[in-house]
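Structural overview
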Amino acid sequence: VYLGGSKFGASAYAENFTTEELVQCIRYAHLWERKVYLTVNTLVKENEFSELHDYLLPFYEAGLDGVIVQDIGVFSYIGEHFPDMELHVSTQMTLTGKYGAELLKQMGACRVVPARELSLQEIRQMKEETGLEIECFIHGAMCYCYSGQCLFSSILGGRSGNRGRCAQPCRLPYQVEQDGTVSDVCYPLSLKDMCTIEHIPELIQAGIDSFKIEGRMKKPEYAAGVTAIYRKYIDFYYENPEQPLKVSREDLEALSSLYIRSERQD
């Protein structure tokens, strides 16, 4: 389970866990032999570094299984001060190939989340040539900018997506003016959500170690429902890898109805 605490996470406007709640989460998950990974995935300013150690220490002592990190300075700091903590590379580090992945491996990374724009062939090559654990997004909202490297929200209103405060201006309606003619209202920057349920065999065969369901600012019902459906078809594949995977219409409809944004998605 990935979750966020009160600081340094990319879900600044979510109802994140307090320190006490997060410690309880870690202990509860470990009773069920599950792992907990903490998001420390924002860009951290120089004057905030003094807070990082005291923030992470209670979770480290409680047995936190790993952290997912965007900021290369934070990555180095955690590796130095919390040596037994697994370091996972956030998709917002924008890893697009084996050389970047190999560099992070040398710095202590054990798992990388590549840029969402990579092909299966590129992901397979990264896995084969670095030996790192590969975790890939398989379901959820997509950013219109490359791997989330967006400054649109910052420019418009000072709310940085890389600081967990994106206002999602890409989801808003716009009109386009061309040669003096103004178009109807449209959504030119709002991408359709990702859904790869029908591609599970190819994803597993590409060597991906962990499937990631995007769940930022979502309700528990969404996380539980989507996870259960993907778990069902992953198990179907492992039970009979040679049999073509057929996803039922009911499950496809359930996936599409579990999360409907207030903003249009087309």
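Reading the values: rules and limits
- Residues numbered from 1 in each chain as written.
- Predicted model: local features only at pLDDT ≥ 70, side-chain atom pairs only at ≥ 80, totals over all residues.
- Heavy atoms only, no water.
- Buried < 20%, exposed > 50% of the residue type's maximum accessible area, 1.4 Å probe, protein only.
- Helix = DSSP H or I, 4+ residues; strand = E, 2+ residues; numbered from the N terminus.
- Contact = heavy atoms within 4.5 Å.
- Salt bridge = Lys/Arg side-chain N within 4 Å of Asp/Glu carboxyl O.
- Axes fitted to C-alpha atoms, helices over the stretch in contact; angles between N-to-C directions.
- Parallel < 35°, antiparallel > 145°, perpendicular 65-115°, else oblique.
- Left-handed = near helix turned anticlockwise from the far one by under 90°.
- Nonpolar A, V, L, I, M, F, W, Y, C, P; charged D, E, K, R; others polar.

Digging into helix H2 (residues 49-61)
- All of the buried residues in H2 are Leu52, Tyr55, Leu56 and Phe59.
- Residues of H2 that are buried make contact with helix H1 (19-31), strand S2 (37-40), strand S3 (66-69) and helix H3 (72-81).
- Among the residues trailing H2, Gly63 stands out with phi positive, at a value near 95°.

Digging into the pattern of salt bridges
- Throughout the structure, instances matching the rule amount to 8 salt bridges.
- Here Glu129 makes a salt bridge to Lys98, at a shortest N to O gap of 2.9 Å. Of the two residues, Glu129 sits in helix H5 (residues 120-130) while Lys98 sits in helix H4 (residues 98-106), which places them 31 residues apart along the sequence.
- A residue is classified by how much of its surface remains accessible, and Lys98, at 23% relative accessible area, is partly exposed.
- A salt bridge links Arg231 to Asp235; the nearest nitrogen and oxygen atoms lie 3.1 Å apart.

Some remarks on the packing of helix H8 (residues 220-239) against helix H9 (residues 249-258)
- Viewed as axis vectors pointing N to C, H8 and H9 meet at an angle of 155°, and their least axial separation amounts to 10 Å. Between H8 and H9, the interaxial angle falls into the category roughly antiparallel. When you trace H8 past H9, the crossing you get is left-handed. Taken together, the residues of H9 that come into contact with H8 (itself represented by Glu221, Tyr222, Gly225, Val226, Ile229, Tyr230, Lys232 and Tyr233) are Asp251, Ala254, Leu255 and Leu258.
- For the contact of H8 with H9, the per-class residue count stands at 8 nonpolar, 1 polar and 3 charged.

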